[in-house]
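Results of the structural survey
Each chain is listed here by its residues.
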Amino acid sequence: MLTKQLGTYGGAHPTLLGEESLVRLNPKARLFVTIFCVATLSLCPTLVSPDGKTKRIDCDAHAGPCVAYLEATLVSLEMSPKPVKAMQELTFTLGIGGEQPAANPYIDLGMVGMDMGRNRVNLTPEADGVFRGTGVIVRCPSGRRIWKATVFVPDVGSVEFVFDVVY
Amino acid sequence: MLSTETIYFVVLSAGFALGFGHCIGMCGPIVASLSLSMRGRKVLVPHLLYNAGRITTYGLLGGIMGVAGSFTRVVTEIASIQKGVMIFAGLLIIMLGLAMGGWIPLGRIFGEDCAPMGFLAREFGKMSETRSTVAFYPLGLLLGLLPCGPVYTALVAAARAGMEATHSLNGFIIGMSLMLCFGLGTVPALLLVAKLVDLRWLRSREIIYRISSVMMIAVGIYFVVRAIRY
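Below: a short report on this structure. (Residues numbered from 1 in each chain as written. Chains lettered and ligands numbered in written order. Predicted model: local features only at pLDDT ≥ 70, side-chain atom pairs only at ≥ 80, totals over all residues. Heavy atoms only, no water.)

**Details of the overall build of chain B**
Spelled out, the test is: Note on conventions: DSSP H or I runs of at least 4 residues are helices, E runs of at least 2 residues are strands, and numbering of each starts at the N terminus. In this scheme, a residue with accessible area under 20% of its type's maximum is buried, one over 50% is exposed, and one in between is partly exposed, where area comes from a 1.4 Å probe on protein chains only. Residue contacts are counted whenever heavy atoms from the two residues lie within 4.5 Å of one another. To be clear on the numbers: accessible area is Shrake-Rupley with a 1.4 Å probe, and residue cover counts the displayed protein chains and nothing else.
Each helix and strand counted, chain B has 10 helices and zero strands in total. Beginning at the N terminus, the succession of helices and strands in chain B can be written as α-α-α-α-α-α-α-α-α-α. Residues counted as buried form 58% of the 230 residues belonging to chain B. Considering only contacts within chain B whose residues lie at least 6 apart along the sequence, 80% involve residues at least 24 apart. As displayed, chain B has an accessible area near 9400 Å², and 71% of this comes from carbon and sulfur atoms.

Given below as structure tokens:
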């Protein structure tokens, strides 16, 4: 038995992590070590991908509004105050050009590559083609700073803006 | 707008989904460390107590958010505490890893057989198994304060619900209920991690404990570094 060979808990063993000892592990133990190693690596995503940079930032939210076409509709999203910081109240101003939606649009805030739960900003009409609402971008202890705002325009579709926030 | 009952269900299911998607990654190392440090003892009751403590803290935070009606105001107040808790969590994991690897004479911190070497070891040794099991509840209370993105998101929802409440008590109850639902949703995933890391089925555990202890120390250092930079 490996337990006997290694001695009791706390006892020193010179070849504890050596190749010989690992070879002697029973299949279940080997499976456990493998799963544990893979899990730990995946559990610390920031070690593998320090800032979630796999997805490109397509909007400089600190400089001005994020703009995109949703089919033929021009959609602009302004976040203020600037710079856009996490953990503070933000005002989201959405501009929709052309034909106006039948219902109020809304924004879902989320982190790129990490599920943070549903964080919805409900918008209300402020003027013709302008909708406004408040929300908070929360801070992730992992240190990742890249977020996305998915704008949903009823009966038209959705458009996604990817940007970074300041901690 | 969603009805109150629908919001509770949404938050509960969000907690469940995030438990498997997010909490396993961010809180899994803590839960795994606690399970591993028990070295073969039954993990279910201690982890239920740990989760009960964590959910209690969530509920209280949700209630406060509901009364305040402002996420940012409350979070600003508790930011320094959260940083301290994150450092504590890291140091706890490091200590558990060192003790499990036999590098510090603490024996099983949450276990029953401490080597009586030194003051700390003697003090830990005085903790009976029952008392050490009960200790998981206050530990959960404390670690419920760990900064966590999905918890923040749920707290934002609690604060919003509080804003729409007719009076403070109503806001407190709604905020607390929302966070209790969220916390309950996260329990299955963390219990699963606790059970998966329970090694009683293994015949040759010592080498696993040694490898795990090294990994725990690494994860603990990662937590402390993250906390300092937070």
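From this point, things continue past the structure.
**A closer look at the sheet that holds strand β1 (residues 66-70) of chain A**
Residue and element names in this part refer to chain A. Under the convention used in this document: Any two strands with at least two DSSP-identified bridges between them are counted as paired. An axis is simply a line fitted to the C-alpha atoms; with a helix, the fit covers only the stretch in contact. Between two such axes, the angle follows the N-to-C directions and lies from 0 to 180 degrees.
In space, the five strands of this open sheet follow the order β1-β2-β3-β7-β6, with antiparallel pairing throughout. In this open sheet, the two strands that pair with only one neighbour each are β1 and β6 (124-127). With strand direction ignored, the average angle separating the axes of adjacent strands in the sheet is 30 degrees.

**Considerations on the sheet that holds strand β5 (residues 114-122) of chain A**
Adjacent strands of a sheet pair through backbone hydrogen bonds, lying either parallel or antiparallel. Residues and elements named next belong to chain A. In spatial order, the strands read β5-β4-β8-β9; together these four strands make up an open sheet with antiparallel pairing. Sheet topology places β5 and β9 (157-164) at the edges, where each strand pairs with a single neighbour. Across the sheet, the mean angle separating the axes of adjacent strands is 20 degrees when strand polarity is ignored. Sheet topology note: the strand β8 (residues 146-153)/β9 ladder contains eight bridges and is antiparallel. Residue Ala149 lies in a different strand from β9, and its bridge partner there is Phe161.

**Observations regarding the nonpolar core**
What counts is decided by this rule: The definition of a nonpolar core used throughout is a set of buried Ala, Val, Leu, Ile, Met, Phe, Trp, Tyr and Cys residues joined through side-chain atoms within 4.5 Å.
Core analysis: the largest hydrophobic core is formed by 91 residues, its most contacted members being Leu77(A) and Phe71(B). Counting residues per element, this core draws most heavily on helix α4 (residues 71-101) of chain B, at 11 residues. The residues touching Leu77(A), leaving out its near neighbours within four places in the chain, are Pro65(A), Cys66(A), Phe92(A), Thr93(A), Leu94(A), Ile107(A), Ala149(A), Val151(A) and Phe161(A).

**Remarks on the side chain of Thr73(A)**
Within the element layout of this structure, Thr73(A) appears in strand β2 (residues 73-80). In contact with Thr73(A), not counting residues within four places along its chain, are Ala68(A), Ile96(A), Gly97(A) and Val156(A).

**Looking at the environment of Phe92(A)**
Residues and elements named next belong to chain A. With respect to the helices and strands, Phe92 occurs in strand β3 (residues 89-96). Remark: the alpha-carbon pair of Phe92 and Val136, spanning 44 residues in sequence, is separated by 9.9 Å. Those residues within four positions of Phe92 in sequence are excluded, and the remaining contacts are Leu77, Glu78, Met79, Ile107, Leu109, Val121, Leu123, Phe131, Arg132, Gly133, Thr134 and Gly135.

**What about the packing of helix α2 (residues 28-37) of chain B against helix α10 (residues 206-229) of chain B?**
All names here are of chain B. The cut-off we apply is this: By the definition used in this description, the sense in which the near helix is turned from the far one sets the handedness, with an anticlockwise turn below a right angle giving left-handed and a clockwise turn giving right-handed. Residues were grouped as follows: Ala, Val, Leu, Ile, Met, Phe, Trp, Tyr, Cys and Pro as nonpolar; Asp, Glu, Lys and Arg as charged; and all remaining residues, including Gly, as polar.
One can describe the packing of α2 onto α10 by two numbers: an axis separation of 10 Å at closest approach and a directional angle of 145 degrees. Pair α2 / α10 crosses with left-handed handedness. Along the contact surface, α2 presents Pro29, Ile30, Ser33 and Leu36, while α10 presents Tyr209, Ser212, Met216, Val219 and Phe223. Across the contact of α2 with α10, the residue classes tally to seven nonpolar, two polar and no charged.

In short, geometric facts, not functional conclusions.
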